[in-house]
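# Fold and geometry: a report
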Amino acid sequence: MRPVEKKRPGELICYTDSNNQKVEHRIKEHYPDYGDAKFPLSANIGAFCSYCEGCEKIPTLDVEHLAAKSKGGAETAWDNFLLCCKVCNSNKGTKVDADCHWPHLNNTYYSLIYDETGRVHVNGNMSELSRKKAQNLLDLIQLQRYPGTDKSPSPKDFRWKYRFEAWNKASRYKELYLKGAIAEDDVIDYAHCNGQWSIWFTVFKGIDSIRHRLITDFPGTCAHCFDANNHYEPIERNPGSPDPV
Ligand SMILES: [Zn+2]
C-alpha cells in the first residue's frame, strides 16, 4: 500500500477543475460539505484508492472517513479524510478502526507484501506489534479476500484480480523496458493508468530509475519511506517509536 504524505491545513495545493481552470486552494481544517475535499485530496495524493490502489476517475472516488462518521468520527475534518473506492469503502463499512497501520502515518509498503498471485500478506519481518497493526489494516479493508480461500471475495470485489493482472502487466512492461522497446516515461504512464502502485514498485525492484519515478511521479508518495541509497527499499517511517513502521 503506497505510503502517502497528506498536506496540512493551511498549505496550498493546485489543481485544474472541470472548467479547465487552474485552482489554487489552501487546505482547510474543515470541509462543511466533505465532498468538497475530493479535488484537494486528489491533487495531494492522486486519484487512487488509498487502500487497494485502484486508479479511479475522480467522481467515482469517495472521500473516506478514517474514523467512521457513525462512530463519532469527525465528519468534516481534513485530518479524518483519505480517498477510497466503493469496494474498499463498503468492506471497511463502519468498523471502528482497530489499532492499525495507515498509509498516511505508517510505511504501509513496508507493512504489506504483494505477490505474483495477487495476494497481499503481512510482512513477517517486523515486530509483533507492527505485524498486528498491519493485520488489523488488512482485516479492516478485507484486502486478503481471495478466491478459493476461507475469505472469498464478495460478488463485486475484484481487487485480487486487479492485483493479479497488474503483476502480469508490470512484468511484461519490465521485459519490454529492459529490451529497450519502451521508455521510462511509457512505464510510468502505464503504471498511472493502471493503478496498483505497490505491484509496479515490487515488480520493478532492481531498476532504481523506475522506482525513483514511481515515487516522484505519483502525487503525495512519502519519499522518506524509501532508501535512495539502497535501491529505494522501504525503511521505517517512525524510527524509535514502539511501532517503528
Ligand atoms: Zn479500494
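Residues numbered from 1 in each chain as written. Predicted model: local features only at pLDDT ≥ 70, side-chain atom pairs only at ≥ 80, totals over all residues. Heavy atoms only, no water.

The protein chain carries the name TIGR02646 family protein in an unreviewed UniProt entry, which gives Bacteroides fluxus YIT 12057 as its organism.

## Digging into the coordination of the zinc ion
Donor atoms from the polypeptide that bind the zinc ion are Cys49 (SG), Cys52 (SG), Cys85 (SG) and Cys88 (SG), placed at 2.3 Å. Coordination at the zinc ion comes from 4 donor atoms whose angles at the metal span 106 to 115°, giving a geometry best classed as tetrahedral. Mapping the donors of the zinc ion onto the primary sequence yields the spacing C-x2-C-x32-C-x2-C. Of this pair, Cys49 sits in the loop between helix 1 (38-45) and strand 3 (62-65) while Cys85 sits in the loop between strand 4 (81-84) and helix 2 (86-92), placing them 36 residues apart in sequence. Here Cys49 and Cys85 have matching classes, each one buried. (Donors = N, O, S within 2.8 Å, 3.2 Å for Na, K, Ca; no water. Tetrahedral: all angles 85-135°; square planar, octahedral: opposite > 155°, others 65-115°. Helix = DSSP H or I, 4+ residues; strand = E, 2+ residues; numbered from the N terminus. Buried < 20%, exposed > 50% of the residue type's maximum accessible area, 1.4 Å probe, protein only.)

## Looking at empty space enclosed by the protein
Per the counting criterion, the structure on display carries 1 cavity of 30 Å³ or more. Its volume calculated, the largest cavity comes out at about 70 Å³. For the largest cavity, the full set of lining residues is Arg2, Val4, Ile45, Phe48, Cys49, Ser50, Glu53 and Trp197. Grouping the constituent residues of the lining of the largest cavity by class yields 5 nonpolar, 1 polar and 2 charged. (1 Å grid on protein atoms, 1.4 Å probe; cavity = no way out; pocket = protein on both sides within 12 Å on 5 of 7 lines; lining within 4 Å. Points joined across faces, edges and corners; volume = space filled by probe spheres on them. Nonpolar A, V, L, I, M, F, W, Y, C, P; charged D, E, K, R; others polar.)

## Topic: helix 8 (residues 208-217)
Those residues of helix 8 that sit buried are Ile210, Arg211, Arg213, Leu214 and Ile215. Against the buried residues of helix 8 lie helix 3 (108-111), helix 5 (159-179), helix 6 (184-194), helix 7 (197-203), strand 7 (226-227) and strand 8 (233-234). (Contact = heavy atoms within 4.5 Å.)

## Description of helix 4 (residues 128-141)
The terminal C-alpha atoms of helix 4, which comprises 14 residues, lie 20 Å apart, in line with the 20 Å expected from a rise of 1.5 Å per residue. Every buried residue of helix 4 is accounted for by Ser130, Lys133, Ala134, Asn136, Leu137, Leu138, Leu140 and Ile141. Residues of helix 4 that are buried make contact with helix 2, helix 3, strand 5 (112-114), strand 6 (120-122) and helix 5. Phi turns positive, to about 55°, at Gln142, one or two residues after helix 4. (Expected span 1.5 Å × (residues − 1).)

## Points about the packing of aromatic side chains
Enumeration according to the criterion identifies 15 aromatic pairs in this entry. Both rings, one in Tyr146 and one in Trp160, keep their centres 5.4 Å apart while their planes meet at 65°; by these two values the pair is edge-to-face. One end of the pair, Tyr146, is in the loop between helix 4 and helix 5; the other, Trp160, is in helix 5, and 14 residues separate them in sequence. The exposure class of Tyr146 is buried, given its relative accessible area of 12%. Through successive ring pairs, a cluster of aromatic residues spans Tyr109, Trp197, Phe201 and Phe226. (Phe/Tyr/Trp six-rings, centres within 6.5 Å; stacked < 30°, edge-to-face > 60°.)

## Structural notes on the packing of helix 5 against helix 6
The contact between helix 5 and helix 6 brings their axes to 10 Å, and the two run at 170°. Between helix 5 and helix 6, the interaxial angle falls into the category roughly antiparallel. Seen from helix 5, the contacting residues are Ala166, Lys169, Tyr173 and Tyr177; seen from helix 6, they are Glu184, Val187, Tyr190 and Asn194. The residue inventory of the contact of helix 5 with helix 6, partitioned by class, reads 5 nonpolar, 1 polar and 2 charged. (Axes fitted to C-alpha atoms, helices over the stretch in contact; angles between N-to-C directions. Parallel < 35°, antiparallel > 145°, perpendicular 65-115°, else oblique.)

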